[in-house]
Amino acid sequence: MRFMLGILTALAFSSMSESAELEPRLSFADLAGLVKERNENFAAARVIVEAQAERTGHLRRSFLPQASAKLGEEYFRAGPDASRRQRYWEVEALVNVYRGGRDKIDEEIRHVQVDIAKIDAAREFAQELRRAQIAFWEVVATDKLIALRFDELKSNQTNVNSSKRRAGAGIATTADSIQFEVHRSQLEQEVKQLELKQDLNRNRLAVVLGLKNHKNVRVQGEFPQVVQGLRPIERTAEQLDFVALQKRQRVDELRSRLASRWWQPRLDLYANYGVPALSDETERAIRMEREVAAGLRLSIDFGQGANDLYESKARGLDAKSSGLRAAYKAREVAALEHELRHDLELTESILNENEKNIRKVRDFLRITLAEYARGLKNGPDLLAAFRQYYELQERAIVLNRDLLLARADLDSLTFDESLN
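From a predicted model like this one, the values you see are computed outputs, not experimental measurements.

Conventions used here
- Residues numbered from 1 in each chain as written.
- Predicted model: local features only at pLDDT ≥ 70, side-chain atom pairs only at ≥ 80, totals over all residues.
- Heavy atoms only, no water.
- Core = buried A, V, L, I, M, F, W, Y, C linked by side-chain atoms within 4.5 Å.
- Buried < 20%, exposed > 50% of the residue type's maximum accessible area, 1.4 Å probe, protein only.
- Helix = DSSP H or I, 4+ residues; strand = E, 2+ residues; numbered from the N terminus.
- Contact = heavy atoms within 4.5 Å.
- Axes fitted to C-alpha atoms, helices over the stretch in contact; angles between N-to-C directions.
- Parallel < 35°, antiparallel > 145°, perpendicular 65-115°, else oblique.
- Left-handed = near helix turned anticlockwise from the far one by under 90°.
- Nonpolar A, V, L, I, M, F, W, Y, C, P; charged D, E, K, R; others polar.
- 1 Å grid on protein atoms, 1.4 Å probe; cavity = no way out; pocket = protein on both sides within 12 Å on 5 of 7 lines; lining within 4 Å.
- Points joined across faces, edges and corners; volume = space filled by probe spheres on them.
- Salt bridge = Lys/Arg side-chain N within 4 Å of Asp/Glu carboxyl O.

Chemist: Explain the nonpolar core to me, please; I cannot follow it from the model alone.
Modeler: Counting residues in hydrophobic clusters, the biggest one holds 56 residues, and the most contacted among them are Leu26, Leu205 and Leu209. Only α2 (31–38), α3 (40–54), α5 (102–168), α6 (175–209), α9 (302–373) and α10 (379–411) provide two or more residues apiece to this core. In this structure Leu209 touches Leu26, Leu31, Leu34, Val35, Arg38 and Ala132, once residues within four positions along its chain are discounted. Membership of the second largest hydrophobic core comes to 6 residues, among which are Ile105, Val112, Val251 and Leu254.

Chemist: Just to check I follow, could you spell out the environment of Gln304 for this structure?
Modeler: Summarising the element assignment, Gln304 is placed in helix α9. Taking C-alpha positions, Gln304 is 9.4 Å from Trp263, a pair spaced 41 residues apart along the chain.

Chemist: How should the packing of α5 against α6 be read in this particular structure?
Modeler: Between two packed helices, both the angle of their axes relative to each other and the distance between the axes serve to describe the pair. With their axes 8 Å apart at the nearest point, α5 and α6 run at an angle of 165 degrees to one another. In terms of orientation, α5 and α6 fall into the roughly antiparallel class. The two elements α5 and α6 cross, and the hand of that crossing is left-handed. Here the residues of the contact of α5 with α6 sort into 17 nonpolar, 9 polar and 17 charged.

Chemist: Hey, could you run me through empty space enclosed by the protein in this one?
Modeler: Any space left empty among the atoms is revealed by the rolling of a water-sized probe across them. Under the criterion given, the structure shown has 1 cavity of 30 Å³ or more. In this structure, the largest cavity spans a volume of roughly 40 Å³. Glu152, Ser155, Asn156, Asn159, His183, Leu383 and Phe386 are the residues that line the largest cavity. Going through the elements one at a time, α5 and α10 are the ones with two or more residues in the lining of the largest cavity. Examining the composition of the lining of the largest cavity, we find that 4 residues originate from one element, α5, more than from any other.

Chemist: Explanation requested: the side chain of Asn272 in the structure shown.
Modeler: Relative to the assigned elements, Asn272 resides in strand β3 (residues 266–275). Residue classification places Asn272 among the buried residues on the basis of a relative accessible area of 14%.

Chemist: I'm lost on the pattern of salt bridges in this one. Help?
Modeler: Pairs can form between side chains of opposite charge once their charged atoms are near each other. For the structure on display, the rule yields 30 salt bridges. For Lys70, the salt bridge is made with Glu90, and the minimal N-O distance between the two is 3.5 Å. Taken as a pair, Lys70 in strand β1 (residues 66–76) and Glu90 in strand β2 (residues 84–98) lie far apart in primary sequence, 20 residues in all. Across the pair Asp120 and Arg248 runs a salt bridge, and its minimum N-O distance is 3.2 Å. Within this pair, whereas Asp120 is found in helix α5, its partner Arg248 is found in helix α7 (residues 240–259), the two being separated by 128 residues in sequence. Residue classification places Arg248 among the partly exposed positions, given a relative accessible area of 31%.

Right, dumping it as structure tokens:
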């Protein structure tokens, strides 16, 4: 007795510890916040935004003095003179005065790249949130399907008991109870399959939300009564892929302009101080005389000009390509939106019709139960009525799930302003 009491106590404490480790029940409203806080893919995309932001400020930094220093030792010999070995050094400061507007264009490119990184982060968030929403509604739907199977098992057991009483009273044969028992076995197998599917659903949800133990994931939520209020995507500026392509087109246009300015001269203010090398100024180097120089330097790289000319043309073509892809993407997203909305309307219409059929079949089942009790119906009739009723209930769950999955797809097409 004490041994059994000890086992029961241990099981109770084990159950308490397991329940304490359960993840808090998740609601649909929690998903967006959890994706922002815990999803590693979205976190990585936000880090890229920070990295691109660090690259801005190039225009301001380009006017800061650029200091350099060199120190060396040179072996030098000229004609029959004796060879010499001597050190040299120089410190130089260079200040940008004018670079043909290239620094300004480069700064604009960096700012657009920040915008692109933000758009990519928004796209990442939209896709991860979509995955979370799909997994969430799959968990909710599977919970309901499991509960529906248990309810059917309970009703089926009532039918088993009823058929055995009828057989005992000589009203019917044992065939009715056998078919109900076979159906019970099928239902139990379906419950096991649904529980396996539910484990996979919880696993997917835990991965997206960054939760540690998927087995402890629990959700709270009901299907909305009506899925309405879906705002149409009226402006292409809200389409994530379209905006990303537009921004990339802008970057290519700016890089084309940047490369086209190869002929613009570079003007720098410079100053240096040091001891020259023997190969530069032999006499002053021998005397270790220190030199000071300052002035303006105008330079044009003609060698780079030919490459930049072709690069400018290539970037212009890249920009044209991005523009064509953006135009196609705008039509593609509009077509996808149309398909999703059509799917939502059709599914909602079918769901409403299904609800009417459920009410009709519920009345039919009640009549069939009464006639079975009076001996007017047999086991196959009753089982068929039960199966029709529960199949329509299952269809309602699946239709509600499909409706919400289509809504998740539609919501993922739009731009989340809060991520900017």
